[in-house]
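One-letter residues, chain by chain:
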Amino acid sequence: MNAVLRTPELPLDLRGRPLRDLRLSVIEACNFRCGYCMPADKVPDDYGLEAASRLSFDQIEVLVRSFARVGVNKLRLTGGEPLLRKRLPELVERLARIPGIDDLAMTTNGSLLARHAQALHDAGLRRITISLDALEPARFAEMSGGRGQIDAVLAGIDAARAAGFSSLKLNCVVQRGVNEDQVLPLVEHFRGSGHVLRFIEFMDVGTCNGWQSGQVVSSATLRDRVHARWPLHALDAHYRGEVAERHAFDDGAGEIGFVSSVTAPFCGDCHRARVSADGQLYTCLFSGAGSDLRPALGQGETALAEHLAGLWSRRGDRYSEIRGQAAQPPRKRVEMFLIGG
Ligand code: SAM
Ligand code: SF4
Ligand code: SF4
């Protein structure tokens, strides 16, 4: 690990959880309109294309240095669609050099990856997660709100491998009656490829997707379906707090994961903070409001680190553990496309 000037006492939140992981949105705009995130009938075409309110690269660098001082060692760039942010490799290069950031990753819809993969790898990005909900071309197009083409994403995956990203993660959100039938074809396609496919339970994030519990296909159901076709055995987690339950194919064709955000919440090990492109901190995916970091950011790295330590020490979030409890009032919630998953 690179040497990093940590604050003397790394903060723990009200439930004893340290801050380890930062998801940083670099842009609020997206070129897709996935129905579970940013549906076209709720979010206008030109949404988020006004760049003025976004943190600059200089501000982002100070922000990440401050987070590293309060314990963050994993950084994931996200969006919106992060590849829409201009000069992203330049930002990656600056962030990859920050002491304490041992793991720099990005989540993308992959549509623009073919043209950017090499520059991102050269800049120091080492891990990429690509969202991929269907293989069948018409279904893929429909699920991206009529904006995406599966061939572009598959080309992005190939380009990423050629650029040096040896193993990618591929995330598929499964919705009952929408893309359940894509699960086995996706497994068949990526088994043995060295990439790791992960199935994610559809979540009630944001206010736009009209989520109902009946639309969730549980990880247990999916695991049984995959296991019936290609037998699996469970693997140990790489580290405490890993969100995906890992399984390997008995025949040696690699590994697969299941993220059970709804049926087996993992709030107890949630070490994540999220920051939107305009510098709002959200301590939970289901937060109603963010906390504006820009005033403290304006005072520099040390002031921001102290401010972050204070905010984190007052955190008590555990939404997924209490989801579904009776008599919860309707809640205001941050949109997924603002904080990036
Ligand atoms: N645009 C990029 C992408 O799609 O990978 C990054 C941002 S996107 C908000 C990050 C992740 O959130 C994606 O993998 C997407 O599938 C996931 N996501 C969005 N809405 C979701 C929901 N309602 N339930 C589960 N995952 C969701
Ligand atoms: Fe865009 Fe990603 Fe949301 Fe889809 S999931 S609309 S690609 S931000
Ligand atoms: Fe973390 Fe909030 Fe998700 Fe729980 S509900 S795992 S606290 S982001």
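Because the structure is predicted, anything quoted here is derived from the model rather than measured.

Caption draft 1: Representation of the overall build of the chain in the model. Check the secondary structure of the chain and you find 11 helices and 12 strands. Over its C-alpha trace the chain gives a radius of gyration of 19 Å, about what one expects of a compact globule, namely 20 Å for 341 residues. With the C-alpha coordinates of the chain rotated into their principal frame, the extents come out at 55 × 50 × 40 Å. Within the chain, the proportion of its 341 residues that are buried is 55%. Residue pairs at least 24 apart in sequence account for 73% of intrachain contacts in the chain once pairs closer than 6 positions are excluded. Counting only carbon and sulfur atoms, one obtains 51% of the accessible surface of the chain, whose full area is about 14600 Å². In the chain, 42 positive and 41 negative side-chain charges are present, and the distance between their average locations comes to 3 Å.

Caption draft 2: Just the site of ligand 2, in detail. All residues adjacent to ligand 2 are C30, F32, C34, Y36, C37, M38, G80 and N109. Among the residues making up the shell around ligand 2, the classes are represented as 6 nonpolar, 2 polar and no charged.

Caption draft 3: Region of interest: the nonpolar core. Counting 102 residues, the largest nonpolar core has L22, L63, F67, L77 and F199 as its most contacted members. Aside from chain neighbours lying at most four places away, what touches L22 is L63, V64, F67, V72, K74, L75, R76, A273 and V275.

Caption draft 4: Region of interest: unusual backbone geometry. At R87, a residue that is not glycine, the phi angle is positive and equals roughly 60 degrees. Mapped onto the secondary structure, R87 falls in the loop between β2 (74–78) and α2 (88–96). Classification of R87 by relative accessible area gives exposed; the value is 53%.

Caption draft 5: Quick peek at the environment of D158. Within the element layout of this structure, D158 appears in helix α5 (residues 150–163). Exposure remark for D158: the relative accessible area of 56% places this residue in the exposed category. Separated by 133 residues in the primary sequence, D158 and S25 have C-alpha atoms spaced 25 Å apart.

Caption draft 6: Structural context of the side chain of H247. Considering the arrangement of structural elements, one finds H247 in strand β8 (residues 244–249). On the basis of relative accessibility, which here comes to 9%, the residue H247 falls in the buried class. Those residues within four positions of H247 in sequence are excluded, and the remaining contacts are R223, L232, H233, A234, L235, G254, E255, I256 and F258.

Caption draft 7: Looking closely at the site of ligand 1. Around ligand 1, the structure places 18 residues, and the nearest of them are Y36, G80, T108, S131 and M203. Here a nitrogen atom of ligand 1 sits 3.3 Å away from a polar atom, N or O, in the side chain of E81. Burial of ligand 1 by the protein amounts to 93% of the accessible area it has alone, namely 550 Å². Of the residues belonging to the shell around ligand 1, the class tally is 7 nonpolar, 9 polar and 2 charged.

Conventions we followed
- Residues numbered from 1 in each chain as written.
- Chains lettered and ligands numbered in written order.
- Predicted model: local features only at pLDDT ≥ 70, side-chain atom pairs only at ≥ 80, totals over all residues.
- Heavy atoms only, no water.
- Helix = DSSP H or I, 4+ residues; strand = E, 2+ residues; numbered from the N terminus.
- Rg over C-alpha atoms; globule rule 2.2 N^0.38 Å.
- Buried < 20%, exposed > 50% of the residue type's maximum accessible area, 1.4 Å probe, protein only.
- Contact = heavy atoms within 4.5 Å.
- Areas by Shrake-Rupley, 256 points an atom, 1.4 Å probe, with all protein chains shown as cover.
- Lys, Arg positive; Asp, Glu negative; His and termini not counted.
- Charge placed at Lys NZ, Arg CZ, Asp CG, Glu CD.
- Near = heavy atom within 4 Å.
- Nonpolar A, V, L, I, M, F, W, Y, C, P; charged D, E, K, R; others polar.
- Core = buried A, V, L, I, M, F, W, Y, C linked by side-chain atoms within 4.5 Å.
- Polar contact = N/O pair within 3.5 Å; in protein donor to acceptor, adjacent residues only side chain to side chain.

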